[in-house]
Amino acid sequence: MAEIDKGLPNTRNKLEIPSEEEIQEVAVQEPVEEKGPIEVIPEEDGGVTLDYEPGAINVPGTESHFDNLAELLPDDVLEPIGNEMAQNYMDYKSSRKEWEQAYITGLDLLGFKYENRTEPFQGASGATHPVLAEAVTQFQAQAYKELLPSDGPVRTQVVGIKNPATEQQANRVKDFMNYLVMDQMKEYESEFDSMLFHLPLAGSTFKKVYYDVPMGRAVSKFVPADELIVPYTATSLDDAEAVIHTVKTSENELRKQQVNGFYRDIELGPPGTDTNNELDKKERELDGTKKTGKNEPVYTLLECHVNLDLEGFEEVDAQGEPTGIKLPYIVTVEEGNRKVLSIRRNYAPDDLKKNKIQYFVHFKFLPGLGFYGFGLIHMIGGLSRTATAALRQLLDAGTLSNLPAGFKQRGVRVRDEAAPIQPGEFKDVDAPGGNLRDAFFPLPYKEPSQTLLNLLGIVVQAGQRFASIADMQVGDGNQAAAVGTTVALLERGSRVMSAIHKRCYAAMKNEFRLLSKIVSQYLPPEYPYDVVGGARNIKQADFDNRVDVIPVADPNIFSMSQRITLAQTQLQIATSNPQLHNMYQIYRNMYNAIGVKDVDAVLPPPAPTAPMDPSLEHINALGGKPFQAFPGQDHRAHITAHLNFMSTNIVRNNPAVMGAIQKNILEHISLMAQEQVQLEFREQLQQMMMMQQQAASNPQVQAQLQALTNQVESRKAVLIAEMTEEYMKEEKEITSQFDNDPLLKLKSREVDLRAMENERKKNADKVDEDLARAKLMQAQEISEDKLDQNEDLAKLRAGVSLAKSGIDQAAVVMDDN
């Protein structure tokens, strides 16, 4: 008999057709026990396939984890699944019909399309107030700049204890992620830009993060809210029983996926047409485009992330019995004919809990009452409609006032009465008699109402204040304004936008974590890549739990103006007492806030402190520069050199230099005592390091650790006292040599007096400078108070004027009545 080709799915073995002699030889052998029906499937090459278990579906080892299971399932199993998915999609979409309608209606408030109105009269104003469009545009521009800087949106932080190895690993991950997002993912910037425009309108947008096989890289795709459907009961993506992503694809693109094996190669029938739902039609209308000519054939695929108890692939217990627990799958169905194209497992192969793999990230503008968030359409849509109505009424009133109309007597005839009268033109009128003025009665149209104009201003200010697009008068440009006032004004004017920015930051953080997880799965063990100015290298092992990938944006700062204001406030506080602050870092923060690129070229960093010889320390002491002692130095040699230098006239008569050198001597004494203690208590110190790990949870260990610490510190204090006493003796011996020389005493006294006089002048100059600065700040505060008082008086006068105007108008109305 011919040789069997083993290893095909579903225990089917391919055979060649046996000869008649072989058939007779088999017939005379002992009968074989029947094991059930055998299905014979002829093949194109002349062979046949014998299926010993025609009803078997899940045969272990016949498919990989993420294979298309729809290829193994019969049609009687797939057909109910396809019908259920399509019906669920229709039900979920119907449940949010009112949300879609509110969104569609709100899009008209953007004013992208001018209306040619015929009511209340032909040519009435169709203008739309731009308060909503302004708020959306301001948010999009501000968020785009903050969340996606030109250098890349990703930064990293080390989780756990920092060391040079983990810091280098974090830098490698940061560089590669920014390279991937800004250089390789060409679509990321445009998709992110579009998402930030949709977000304040709809209130919810989504990102889909996955590995794209044709592109060979990770993808983060923008998904509008109308293309992602969830059940009515869902409150978040994590607890949603189903998430359905609608994908429109052309016939040719779908055929490519079928040929590549991603979808089942089945007949789908004629494709439908992209008829567009109401939301799509409204968006195309505002965009100024419409379909003409032949419609492009388009398939609508429903990518359903659901839980299923799939027949043949059930979850089983330790005894191999089905548990009835539904497992996560991704089922793709063509909406028109409801045929299943693919079914793939949606959990990791090594995940014993079989948790769902999340592909979507939810961006929310404001948290809603359910799954979808609220946008500006929901929050200030009513104000935008009111502002539009008031604006149109004002324009219509002006139009009617400038182009009056009315009644005329029936007998009066005007030549070409349909044509308007041009300036400087007189027309002939045929009047039957009497006064011409009495033959016409113009309608009493009024000028645009001042009250309505004030109401429009109030409505617009309320909308701008809510959307945080009004100009924030932080300190009114006064650099010397009170710090507390500046911070309070900044917080009051930015609280809404700050909360929205934090929500976007949290969503981007989830997006980057999903992206880094995909990179870690598909990246080779080592991947070299080139960037501008050099070459880089990344390892797959770098993407582990020691490095966290987060957005580069600051969740507490959402705009450059806010960053500059905080930096200015910080500089103002530090300038008042520079001795307590790191002025280099303060100025560096200021340069970073205003966007200076190469800060080191403008503000050179201070040289790092390093051990010096005693002579260099003396030079720094005379120049007023800081210096310090370091462990490992010859402390006694330094102290001796300092004592000898202190005996010179230039030091003896300069208290500042004397104090700096004595400070350094005390540092050397402290380090000598510490090094001596480390030698004497070497074993105890090692024991203390071991006990520190257990001290947090064991009170007895804490007590022992405290006792050892007290013992070490006591010995250290004794050594410091002995060394200090020795130092004082040496200092007295050196100074006593100069106390017996009267000439040296006189010169020393003269130098002391001169130093005291210089110090007095220096203090007086400082007092004068502080007094001048205080006077300047007081004058500025008085000027600001006067400006505030004038502004309050102006507002009060305006209010009184408006009140008088309202009273006068009311009186006129009463007189007319």
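Refer to the structure printed above.
What you see is a predicted model, and the numbers here were worked out from it, not measured in a lab.

Caption draft 1: Up close: the packing of helix 6 (residues 188-202) against helix 9 (residues 376-402). Where helix 6 contacts helix 9, the two axes come as close as 6 Å, and the packing angle between them is 60°. When the interaxial angle is binned, helix 6 and helix 9 end up oblique. Of the residues in helix 9, those in contact with P200, L201 and A202 of helix 6 are L376, I377 and H378. Class assignment of the residues belonging to the contact of helix 6 with helix 9 gives a composition of five nonpolar, one polar and no charged.

Caption draft 2: Examining the packing of aromatic side chains more closely. Considering all chains together, one arrives at 14 aromatic pairs under this definition. Here a set of aromatic residues connected by ring pairs shows up, and it is made of W99, Y103, F206, F371 and Y372. One Lys or Arg, K208, reaches over the ring of Y210 and ends 5.2 Å from the middle of that ring. If you follow R344 out to its NZ or CZ, it ends over the ring of F262, 4.3 Å from the centre.

Caption draft 3: Representation of the sheet that holds strand 6 (residues 217-224) within the structure. Pairing within the open sheet is antiparallel, and its three strands lie in the order 6-5-12. Of all strands in the sheet, those with a lone pairing partner are strand 6 and strand 12 (360-364), marking the two edges. In this sheet, adjacent strand axes meet at a mean angle of 25° when their direction is disregarded. Sitting on the sheet, helix 6 touches strand 5 (204-212), strand 6 and strand 12, and the angle it makes with strand 5 is about 155°.

Caption draft 4: Spatial organisation of helix 13 (residues 583-593). Y584, I586, M590 and A593 are the residues of helix 13 that are buried. Where the residues of helix 13 are buried, they touch helix 12 (560-576) and helix 14 (599-602). Just beyond helix 13, the residue with positive phi is G595, at close to 90°.

Caption draft 5: Up close: helix 3 (residues 97-107). Among the residues making up helix 3, those that are buried are W99, E100, Y103, I104, G106 and L107. For helix 3, the arc enclosing every buried residue in end-on projection is 165°, short of the 170-degree limit, so these residues lie on one face.

Caption draft 6: Representation of a nonpolar patch on the surface within the structure. A contiguous nonpolar patch, built from L793, L796 and V800 and spanning about 260 Å² of accessible area, is present on the exposed surface. For L793, the location among the structural elements is in helix 21 (residues 742-816).

Caption draft 7: Main features of the pairing of strand 8 (residues 242-250). As paired strands, strand 7 (residues 228-229) and strand 8 are joined by two bridges and run antiparallel to one another. Pairing of I229 across the sheet is with I244, part of strand 8. By the bridge criterion, nine bridges tie strand 8 to strand 9 (residues 298-308) in an arrangement that is antiparallel. Bridge assignment links S250 to a residue of strand 9, and that residue is V298.

Caption draft 8: How the structure looks around the sheet that holds strand 10 (residues 327-334). If you walk across this open sheet you meet the five strands as 7-8-9-10-11, and the pairing is antiparallel. Of all strands in the sheet, those with a lone pairing partner are strand 7 and strand 11 (340-345), marking the two edges. Of the pairings in the sheet, the one linking strand 9 to strand 10 comprises eight bridges and is antiparallel in character. Within the sheet, the bridge partner assigned to N307 lies in strand 10 and is P328. Its contacts with the sheet place helix 7 (residues 251-259) against strand 8, strand 9 and strand 11, and it is angled at close to 110° to strand 8.

Caption draft 9: Up close: the pairing of strand 17 (residues 526-531). Sheet topology places strand 17 next to strand 18 (residues 534-539); six bridges connect them, and they run antiparallel. Considered in strand 18, the bridge of D530 is made with A535. The turn joining strand 17 and strand 18, which pair antiparallel and follow one another in sequence, is formed by two residues; a positive phi near 95° is taken by G533.

Caption draft 10: The arrangement of the pattern of salt bridges in detail. The full count for this structure, using the stated rule, is 17 salt bridges. A salt bridge links R217 to E187, with the shortest nitrogen-to-oxygen separation between them at 2.9 Å. Taken together, the residues R217 in strand 6 and E187 in the loop between helix 5 (164-184) and helix 6 connect sequence positions 30 residues apart. Relative accessible area serves as the criterion here: at 16%, R217 is assigned to the buried category. For K208, the salt bridge identified is with E303, shortest N-O distance 2.6 Å. Separated by 95 residues along the polypeptide, K208 in strand 5 and E303 in strand 9 bring together distant segments of the chain. The same class applies to K208 as to E303, namely buried. Each of K93, R96 and E100 takes part in one network of salt bridges that share partners.

Rules and cut-offs
Residues numbered from 1 in each chain as written. Predicted model: local features only at pLDDT ≥ 70, side-chain atom pairs only at ≥ 80, totals over all residues. Heavy atoms only, no water. Axes fitted to C-alpha atoms, helices over the stretch in contact; angles between N-to-C directions. Helix = DSSP H or I, 4+ residues; strand = E, 2+ residues; numbered from the N terminus. Parallel < 35°, antiparallel > 145°, perpendicular 65-115°, else oblique. Contact = heavy atoms within 4.5 Å. Nonpolar A, V, L, I, M, F, W, Y, C, P; charged D, E, K, R; others polar. Phe/Tyr/Trp six-rings, centres within 6.5 Å; stacked < 30°, edge-to-face > 60°. Lys NZ or Arg CZ within 6 Å of the ring centre and 35° of its normal. Pairing = 2+ DSSP bridges. Buried < 20%, exposed > 50% of the residue type's maximum accessible area, 1.4 Å probe, protein only. Arc of directions from axis to C-beta. Patch = residues over 30% accessible without salt bridge, like charges linked within 9 Å, V, L, I, M, F, W, Y side chains within 5 Å. Areas by Shrake-Rupley, 256 points an atom, 1.4 Å probe, with all protein chains shown as cover. Salt bridge = Lys/Arg side-chain N within 4 Å of Asp/Glu carboxyl O.

Nothing here speaks to function; it is all geometry.
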